[in-house]
Amino acid sequence: MRSQCLIRRFRIPLPRCVQRRTLLTLAIETSCDDTSVAILEKHKNNSATLHFHETITSDNLKYGGVHPIEALSSHQKSLAGLINQALRSLPKRETTEVHGSILVKGTDGTQPRQKPDFVTVTRGPGMRSSLYTGLNTAKGLAVAWQVPLLGVNHMQAHALTPRLVAALDAKAVESTTPLEHDPAFPFLTLLVSGGHTMLVNSRSLCDHEILANMTDMAVGDAIDKCARDILPPAYLETATDVMYGRLLEAFAFPDKTPNFGYTPPSSFLKPRGNADHGYGWEIGQPFTSQGAETWRNNAALFTYSGLGSTVRRIKEQNLGMDDEERRALAKVTMAVAFEQLASRVLFALERSDVTKVDTLVVSGGVASNQFLKHILRTVLDSRGYEKIRVVFPPIKFCTDNAAMIAWTGIEMFEAGWRTSLEAMAVRKWAIDPRAEDGGILGVEGWERAE
Ligand code: AMP
Ligand code: ZN
């Protein structure tokens, strides 16, 4: 239903003045623990084809989370092989075409394949050593193929992900009429992952204003921590990775199509207590104990460490909790965590400079949670925002991946940006041009196309 809607919206033609051509890029993502490689082609009509997309994640289970040295060795081990595999998916060329081709060895012998127009790589933000594995490899490929390098911002790529998804969906639509990117700027993105909690107003390609940001820990990280306290020990032992949040959702809602039984709060100031779940404990929103003014004054902040401490205290005071009570605690913990997100979206929508926005994109690993989807939609509807479209890109494009990096490379390339071969990895790199470092274009190393 949603992708149909995206396709329909995508049909609006672009202004004539915008230059268009087919673009092919190989992209590398190594900012954290995922080694990911993609080959993406953007067609003249602005639809796109993903020829290759593979990701290998480092083994985090033995450390209980991301470990920089383990992540680095995983990149070093996996990246070259993934690129080698990717090259076999480059579009085929006629044997007579030598220009713009590279010879690639495959199972069917050596064949000429279309050379990428440029190489895209995540330049930051992220773990320095991990970033350099990708950046140095990308520089090597760009030099060997004599094509430009695009070193892009990972967070910008997360923000542009829904535009990639719309371009891939549009592939199915036969159209020679150029299509407008969807969602059009401005749109809101709620990035909810294991490392980030952010509400962003994407005003243009390089202007992503942070409306609310995390202070202590990310929502995914907090939910993982709570899950370890809430889940019965036998259930916890079934974990095959460290995404305990996923386990928490499965434990709280064992049915495939759950009835969430959720009622949006009339006020976020009131904690969820006995009247909501029938037990003796309660969990509230941060900043509310000093009243409505303090709550509103902190509309630009996310904080989740308090939720973790509250859940730990409830567990310690109720050592004999049975599974039913644990399930209630799981639901309330998630509801309170997600209502904090919803409340910041409401605060933002009330801002006069944000009222033009008609789309909210929810991205990051936590966005796969069905209860979150339900809460956001229900809260928005209950506050008169039925017309706001809430888009959840497929989860494979929400977690760290090279396809979103490739798309960002394509949008930046079309805007005339290139990256110098001297460009360094950027450990911390804002996407808001109002930030101290000047945001995406504030770092050294950008060049204009000749
Ligand atoms: P990311 O950082 O984007 O790779 O996402 C990983 C985070 O998403 C981890 O904290 C996971 O526990 C969390 N996560 C993944 N699936 C779910 C889910 N269904 N419910 C809540 N959190 C989840
Ligand atoms: Zn990320």
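Above this text you will find the structure in question.
Residues numbered from 1 in each chain as written. Chains lettered and ligands numbered in written order. Predicted model: local features only at pLDDT ≥ 70, side-chain atom pairs only at ≥ 80, totals over all residues. Heavy atoms only, no water.

(A) The arrangement of the nonpolar core in detail. Leu190, Phe338, Leu360 and Val362 are the most contacted members of the largest nonpolar core, which totals 65 residues. Of all the secondary-structure elements, those providing two or more residues to this core are strand 8 (187-192), strand 10 (207-214), helix 5 (219-230), helix 7 (244-252), helix 10 (305-317), helix 11 (323-350), strand 12 (359-363) and helix 12 (370-382). The leading source of residues in this core is helix 11, at 16 residues. Excluding anything up to four places from it in sequence, Leu360 contacts Leu188, Leu190, Leu199, Val345, Leu380, Ile388, Arg389, Val390 and Val391. One finds Leu160, Val165, Leu168 and Trp446 within the second-largest nonpolar core, a separate group that totals 37 residues. (Core = buried A, V, L, I, M, F, W, Y, C linked by side-chain atoms within 4.5 Å. Buried < 20%, exposed > 50% of the residue type's maximum accessible area, 1.4 Å probe, protein only. Helix = DSSP H or I, 4+ residues; strand = E, 2+ residues; numbered from the N terminus. Contact = heavy atoms within 4.5 Å.)

(B) Region of the structure containing the packing of aromatic side chains. Applying the stated criterion across every chain yields a total of 13 aromatic pairs. Judged by centre distance (5.7 Å) and plane angle (10 degrees), the ring pair of Phe185 and Phe187 falls under stacked. In this structure Phe185 comes out as partly exposed when scored by relative accessible area, which is 25%. Relative accessible area serves as the criterion here: at 0%, Phe187 is assigned to the buried category. Their ring planes at 65 degrees and their centres at 5.2 Å tell us that Tyr235 and Phe251 sit as a pair that is edge-to-face. On the criterion of sequence distance, the pair formed by Tyr235 in helix 6 (residues 233-236) and Phe251 in helix 7 is long-range, its members being 16 residues apart. For Tyr235, a relative accessible area of 27% gives the class partly exposed. A relative accessible area of 2% places Phe251 in the buried class. Counting every residue linked through ring pairs, the aromatic cluster contains Phe253, Phe260, Tyr262, Phe338 and Phe371. (Phe/Tyr/Trp six-rings, centres within 6.5 Å; stacked < 30°, edge-to-face > 60°.)

(C) How the structure looks around the pattern of salt bridges. Taken as a whole and assessed by the stated rule, the structure comprises 15 salt bridges. Across the salt bridge formed by Glu414 and Lys42, the nearest N and O atoms sit 2.5 Å from each other. Of the two residues, Glu414 sits in helix 14 (residues 402-414) while Lys42 sits in strand 2 (residues 34-42), which places them 372 residues apart along the sequence. Among the residues examined, Lys42 registers a relative accessible area of 0% and is labelled buried. (Salt bridge = Lys/Arg side-chain N within 4 Å of Asp/Glu carboxyl O.)

(D) Spatial organisation of empty space enclosed by the protein. Tallied over the entire structure, the rule returns 1 cavity of 30 Å³ or more. Quantified by volume, the largest cavity comes out at close to 30 Å³. Surrounding the largest cavity, Met155, His158, Ala159, Thr189, Leu191, Val200 and Ile431 form its lining. A total of 3 residues in the lining of the largest cavity trace back to one element, the largest contributor, which is helix 4 (residues 154-170). Looking at the lining of the largest cavity, its residues break down into 5 nonpolar, 2 polar and no charged. (1 Å grid on protein atoms, 1.4 Å probe; cavity = no way out; pocket = protein on both sides within 12 Å on 5 of 7 lines; lining within 4 Å. Points joined across faces, edges and corners; volume = space filled by probe spheres on them. Nonpolar A, V, L, I, M, F, W, Y, C, P; charged D, E, K, R; others polar.)

(E) How the structure looks around the site of ligand 1. In the region of ligand 1, 16 residues are neighbours, and Gly194, Asp224, Glu249, Gly365 and Asn369 sit closest. Gly365 has a polar backbone atom sitting 2.9 Å from an oxygen atom of ligand 1. Within the backbone of Val366, an N or O atom sits 3.5 Å from an oxygen atom of ligand 1. Calculation on ligand 1 without its partners gives an accessible area of 500 Å², and the protein chains cover 89% of this total. The element contributing the most residues to the shell around ligand 1 is helix 7, with 4 residues. Class assignment of the residues belonging to the shell around ligand 1 gives a composition of 3 nonpolar, 9 polar and 4 charged. (Near = heavy atom within 4 Å. Polar contact = N/O pair within 3.5 Å; in protein donor to acceptor, adjacent residues only side chain to side chain. Areas by Shrake-Rupley, 256 points an atom, 1.4 Å probe, with all protein chains shown as cover.)

(F) Broad picture of the pairing of strand 1 (residues 23-29). Taking burial as the measure, the 7 residues of strand 1 include 7 buried ones, the bulk of the element. Side-chain alternation along strand 1 places Leu23, Thr25, Ala27 and Glu29 on one buried face and Leu24, Leu26 and Ile28 on a second face that is also buried. Pairing of strand 1 with strand 2 involves 7 bridges; the strand directions are antiparallel. Its bridge partner being in strand 2, Leu24 is matched across the sheet by Glu41. The antiparallel pairing of strand 1 with strand 2 creates a hairpin that spans 4 residues between the two strands. In this structure, strand 1 lies alongside strand 6 (residues 118-124), joined through 4 bridges in parallel fashion. By the bridge assignment, Ile28 is partnered in strand 6 with Val121. (Pairing = 2+ DSSP bridges.)

All quantities given are derived from atomic positions and should not be read as evidence of function.
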